[in-house]
Amino acid sequence: MHSAFIVAALVAAVAVAQDPAPGWLAYATAQCPAGTRITHMEAKWTVGQDPPQSFAFFSPWFGIDTSDNLNLLQPVNPWLGTAWAMYTEYYQWSPSHNKNSQQHSVNAGDQLHGQITFNGESEQSYTLIQTDVTTGQSSQMVIPVQRGSDGLHKNYTIQYIVYEKVAQCNQYPPDQKVVFSDIQVLCNGVAIQPAWTSGVVDSVCDFKATAISPSEVEITWNTEGVPPTKEMLERAGAGSSKNFRADNVAAWRELKKSRQGKN
Ligand SMILES: *[C@@H]1O[C@H](CO)[C@@H](O)[C@H](O)[C@H]1NC(C)=O
């Protein structure tokens, strides 16, 4: 009976789960005009100053989602506890599926350039590229567009700029700010001026997203701000929302491998 209850609870949790998900802190979001889909999105940002070493795992990123908020494509830039990394990621809520491109180490102050491009009606896929402009290294992958329950390919229509994962305030980067610049969004091949609105899922450490202009969004925080609750920290530790935590383990393995390769 106990386990039946747990299964029912899990099914219920999965049924309502979608983006913006628990663990997202501040974010900005915008949409394509009705009836159109995202054909390209790109943005640049600078890797933050090194935070103190910890077991925390968090990342600034931008991405695009299908109109049902169940398919997320994102160039990411996680802090792995002792080092920064970059790669691209796909997270599909149903059935749950996660894919990452090859991970590379990046350094504080490096400039990142993420790009997501639709490969056309006949291909029905997106190419994701994350480039460290400072070192020239890049990571990419191609992700097919999932079909909806009606059998038709879904449309990616929603843009996001996000800081994700709860940690203690003093575990975040000391610069207390990341600026996403040169943001470009094309819907059906036409450049739009995204009308950003801001939101917060988990309210911690005064995280806030502010649109400076259609092409520039900054996310700020306070390393001495209002700390997360115990529940939020536990949830971040258990990785109950999406499997960014599993990513963390995979990311660690990759990092170790690349370091061993260098020794
Ligand atoms: C998806 O986007 C295409 C291209 O703009 C459009 O023709 C189609 O109607 C859209 N589908 C839905 C369900 O909105």
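To be clear, the structure that these remarks concern was listed above.
Nothing here was measured: the structure is a model prediction, and the numbers come from that model.

Chemist: Explain the site of the ligand to me, and be specific about the residues and the numbers.
Modeler: In the region of the ligand, the neighbouring residues are G35, T36, R37, N155 and N188. In this structure, an oxygen atom belonging to the ligand sits 2.7 Å away from a main-chain N or O atom of G35. One of the side-chain nitrogen or oxygen atoms of N155 is found 2.4 Å away from an oxygen atom of the ligand. Computed on the free molecule, the ligand has an accessible area of 360 Å², of which 43% lies beneath the protein chains in the complex. For the shell around the ligand, the class distribution of residues is no nonpolar, four polar and one charged.

Chemist: A description of the pairing of strand 15 (residues 208-213) should follow, citing residues and the corresponding values.
Modeler: Looking at chain direction, strand 15 and strand 16 (residues 216-220) are connected through five bridges and run antiparallel. By the bridge assignment for strand 16, K208 is matched with T220. Taken together, strand 15 and the strand that follows it, strand 16, pair antiparallel across an intervening segment of two residues.

Chemist: So what's going on with the nonpolar core? Residues and values would help.
Modeler: In this structure, I161, Y163, Y172 and F207 are the most contacted members of the largest nonpolar core, which totals 51 residues. No other element matches strand 12 (residues 177-187), which puts five residues into this core.

Chemist: I'd like a rundown of the state of the cysteines, residues and numbers included.
Modeler: Put plainly, two cysteines are in a disulfide when a covalent bond ties their sulfur atoms together. In the structure shown here, the tally under the stated rule is two disulfides. The disulfide partner of C32 is C187, and the S-S distance across this bridge is 2.1 Å. Taking the torsion about the sulfur-sulfur bond, which here is approximately -80°, the covalent link between C32 and C187 counts as left-handed. Residue C32 is found in the loop between strand 1 (24-31) and strand 2 (38-46), and its partner C187 is found in strand 12; the two are separated by 155 residues along the sequence. Since its relative accessible area comes to 4%, C187 is described here as buried. The cystine pairing of the protein, numbering bonded cysteines in sequence order, is 1-3, 2-4.

About the thresholds
- Residues numbered from 1 in each chain as written.
- Predicted model: local features only at pLDDT ≥ 70, side-chain atom pairs only at ≥ 80, totals over all residues.
- Heavy atoms only, no water.
- Near = heavy atom within 4 Å.
- Polar contact = N/O pair within 3.5 Å; in protein donor to acceptor, adjacent residues only side chain to side chain.
- Areas by Shrake-Rupley, 256 points an atom, 1.4 Å probe, with all protein chains shown as cover.
- Nonpolar A, V, L, I, M, F, W, Y, C, P; charged D, E, K, R; others polar.
- Pairing = 2+ DSSP bridges.
- Helix = DSSP H or I, 4+ residues; strand = E, 2+ residues; numbered from the N terminus.
- Core = buried A, V, L, I, M, F, W, Y, C linked by side-chain atoms within 4.5 Å.
- Buried < 20%, exposed > 50% of the residue type's maximum accessible area, 1.4 Å probe, protein only.
- Disulfide = S-S within 2.5 Å.

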